[in-house]
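Notes for the structure review
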Amino acid sequence: MAKIPIAMVVNGAEVGPVEVDEYTSMLDFLQEYLNLTGTKLGCGIGVCRSCTIVVEGQDGALQPIRSCINNVGRFHGTKVTTIEGQAERNSDGELLELSPVQQAFLRNYSFQCGWCTAGFVNGATALIDRLRREPVSANDVEQVIEEALGDHICRCTGYVRYFRAVREVIESTPGLLKEVE
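Residues numbered from 1 in each chain as written. Predicted model: local features only at pLDDT ≥ 70, side-chain atom pairs only at ≥ 80, totals over all residues. Heavy atoms only, no water.

**Section: the overall build of the protein**
Let me state the cut-off plainly: Numbering of helices and strands runs from the N terminus, with a helix taken as a DSSP run of H or I at least four residues long and a strand as a DSSP run of E at least two residues long. Here the globule rule reads 2.2 Å times residues to the power 0.38, and the radius of gyration is calculated from C-alpha atoms. For each residue, the accessible area found with a 1.4 Å probe, counting protein chains only, is set against the maximum for its type, and the residue is called buried under 20%, exposed over 50%, and partly exposed in between. In these tables, accessible area is a Shrake-Rupley quantity obtained with a 1.4 Å probe, and a residue counts as shielded only by the protein chains included in the view. Think of it this way: Lys and Arg go in the positive column, Asp and Glu in the negative one, and His and the chain ends go nowhere. The atom standing in for a charge is NZ when the residue is Lys, CZ when it is Arg, CG when it is Asp and CD when it is Glu.
Helix and strand counts for the protein come out as 5 helices and 7 strands. Secondary structure elements in the protein, listed N-terminal to C-terminal, are β-β-α-β-β-β-β-β-α-α-α-α. The C-alpha atoms of the protein give a radius of gyration of 17 Å, which matches the 16 Å a tight globule of 181 residues would have. C-alpha atoms of the protein, sized along the principal axes, occupy 55 × 35 × 30 Å. Residues counted as buried form 40% of the 181 residues belonging to the protein. When the accessible surface of the protein is totalled, it reaches about 9,900 Å², and 48% of it is carbon and sulfur. One way to put it: in the protein the 16 positive side-chain charges average out to a point 5 Å from where the 24 negative ones average out.

Structure, rendered in C-alpha cells:
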C-alpha cells in the first residue's frame with residue numbers, strides 16, 4: 001500500500017508531516033495515530049454521523065464532516081476539531097471550561113450511552129458557527145436544527161434532549177437570531 005505525507009492542525013496543535021497509508025480513514029488516523037478516541041465509529045458507512053468532526057473551510061466557516069468515510073488525505077493542510085478540542089484547556093491540558101454546546105448538552109441530560117454525542121456536539125458547533133454568519137428567525141429554529149442534525153442517529157432516542165439543548169444555545173447566544181422588525 002502506498003504511503004502519503006499528511007500535515008494538518010488538529011485541536012489547535014500542528015500534526016505532521018507524518019506518512020500514512022493512502023487508504024487510512026480520518027477516523028482511524030485520529031484514533032490510531034493521535035490517540036483521540038472521542039470520535040466514534042458507529043455504522044462505518046457515513047450514515048449515523050457518530051464520527052462527525054469539524055473542519056474549518058478556507059473561508060473560516062466550520063463544516064461537519066464524517067470521518068469514517070473520508071480518507072485522511074482529504075484533510076491535508078486543514079484545521080480539524082474533534083470532540084476533545086471543543087472545550088477550553090490550559091497549557092497543561094487541564095479542562096478550564098466546556099463549550100456552550102457541551103454545557104447545554106449536560107444541562108439538558110442530552111445523552112444516554114454517549115456513543116453519538118461527539119457527532120451531535122460537532123454538528124451543533126458547525127450549526128452555531130453558520131448561524132453567526134446567517135442568523136435565522138425565531139420561528140425557523142426548529143427547522144434549522146432538524147436540517148442540521150436530523151440525519152444524526154441516536155440509538156438511545158435522545159433526539160428531543162439534543163435538539164432542546166441546541167435550541168437553548170441558539171436562543172441564548174446573541175446574534176444567532178434575526179432581530180424582530
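**Notes on the environment of M26**
Going by this rule: Between two residues, a contact is recorded if the distance between any of their heavy atoms is within 4.5 Å.
Topologically, M26 is positioned in helix α1 (residues 26-33). Between the C-alpha atoms of M26 and L106, which are 80 residues apart in sequence, the distance is 27 Å. Once residues within four sequence positions are removed from consideration, M26 is found in contact with M8, I53, S67, N70, N71, V72, F75 and V80.

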